[in-house]
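Structural overview for review
In case you want the letters, here they are:
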Amino acid sequence: EREASLLAAARLALVQGDPRTALRQVREARATPGSQLGPEELVVEARALRALGAADEATGVDATLHSRFPDSALAR
């Protein structure tokens, strides 16, 4: 599935030290119609933003994760 492939590519880009690509890919994954990996995508987005030095924006993404998915293990 496209969403999962984009998320996997975003994670790989982070590991490879390319947060800009990770951010682009994870945002594309989140825009996928019928997106089902919201919590995972938000976690990767926040990590990419932190790697880019955008800590305040990353904190906002974390807040979105906690408010939209309070029961997710990733929100804890």
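Each remark here, short or long, concerns the structure printed above.
A few points on the structure. Along each chain, the written sequence defines residue order, and numbers are assigned to residues from 1. Predicted model: local features are reported for residues with pLDDT of at least 70 only, side-chain atom pairs are reported and counted for 80 or more only, and whole-chain, interface and lining totals are derived from all residues. Values shown for side chains rest on all heavy atoms present in the structure; no hydrogens or waters enter the calculation.

1. Here's the deal with helix α3 (residues 38-51)
Taking 1.5 Å of rise per residue, 14 residues should cover 20 Å, and α3 covers 20 Å from first to last C-alpha, within 8% of that figure. Burial classification: accessible surface area is computed with a 1.4 Å probe over protein chains only, and a residue below 20% of its type maximum counts as buried, one above 50% as exposed, and the rest as partly exposed. A run of DSSP states H or I qualifies as a helix once it reaches four residues; a run of E qualifies as a strand once it reaches two. Both are numbered from the N-terminal end. Inspection of α3 places Gly38, Pro39, Glu41, Leu42, Val43, Val44, Glu45, Ala46, Ala48 and Leu49 among the buried residues, and these make up the whole buried set. Where α3 is buried, its residues touch α1 (2-15), α2 (19-30) and α4 (55-68). A positive backbone phi angle near 85 degrees is found at Gly53, which sits one or two residues after α3. Helices are assigned an expected span. That span is 1.5 Å times one less than the residue count. Pairs of residues are marked as contacts when any of their non-hydrogen atoms sit within 4.5 Å.

2. Notes on the environment of Ala8
You can see Ala8 is positioned in helix α1. For Ala8 and Ala29, which are 21 residues apart along the polypeptide, the C-alpha to C-alpha distance reads 9.7 Å.

3. Description of α1
Its 14 residues place the ends of α1 20 Å apart at the C-alpha level, agreeing with the 20 Å of an ideal helix rising 1.5 Å per residue. If you check which residues of α1 are buried, you get Glu3, Leu6, Leu7, Ala10 and Ala13. Projected onto a plane normal to the axis of α1, the buried residues spread over an arc of 120 degrees and lie on a single side. The inward-facing, buried residues of α1 abut α2 and α3. Positive phi appears at Gly17, one or two residues downstream of α1, with a value of about 80 degrees. The arc in question is traced by the directions running from the helix axis to the C-beta atoms.

4. Some words on the side chain of Thr32
Relative to the helices and strands, Thr32 is located in the loop between α2 and α3. For Thr32, a relative accessible area of 16% translates into the label buried. Pairing of N or O atoms within 3.5 Å defines a polar contact, subject to two protein rules: one partner must be a possible hydrogen donor and the other a possible acceptor, and residues neighboring in sequence count only if both atoms are side-chain atoms. For Thr32, the side chain forms a polar contact with the main-chain oxygen of Glu28, separated by 3.3 Å. A polar atom in the side chain of Thr32 sits 2.8 Å from the backbone oxygen of Ala29. Leaving out residues up to four positions away in the same chain, Thr32 has contacts with Glu3 and Leu6.

5. Considering the packing of α2 against α3
With their axes 9 Å apart at the nearest point, α2 and α3 run at an angle of 155 degrees to one another. Relative to α3, the element α2 lies roughly antiparallel. Between α2 and α3 the crossing geometry is left-handed. Counted together, Pro19, Ala22, Leu23, Val26, Arg27, Ala29 and Arg30 of α2 and Glu41, Leu42, Val44, Glu45, Ala48, Leu49 and Ala51 of α3 form the full contact between these two elements. Just so you know the grouping, Ala, Val, Leu, Ile, Met, Phe, Trp, Tyr, Cys and Pro go in nonpolar, Asp, Glu, Lys and Arg go in charged, and all remaining residues, Gly too, go in polar. Residue composition of the contact of α2 with α3, grouped by class: ten nonpolar, no polar and four charged. Lines are fitted to the C-alpha atoms to define the axes, a helix being fitted only along its stretch in contact, and any angle between axes, read from their N-to-C directions, falls within 0 to 180 degrees. Here the angle decides the label: under 35 degrees means roughly parallel, over 145 means roughly antiparallel, 65 to 115 means roughly perpendicular, and every other value means oblique. Should the near helix be turned anticlockwise from the far one by less than a right angle, the crossing is termed left-handed; should it be turned clockwise, right-handed.

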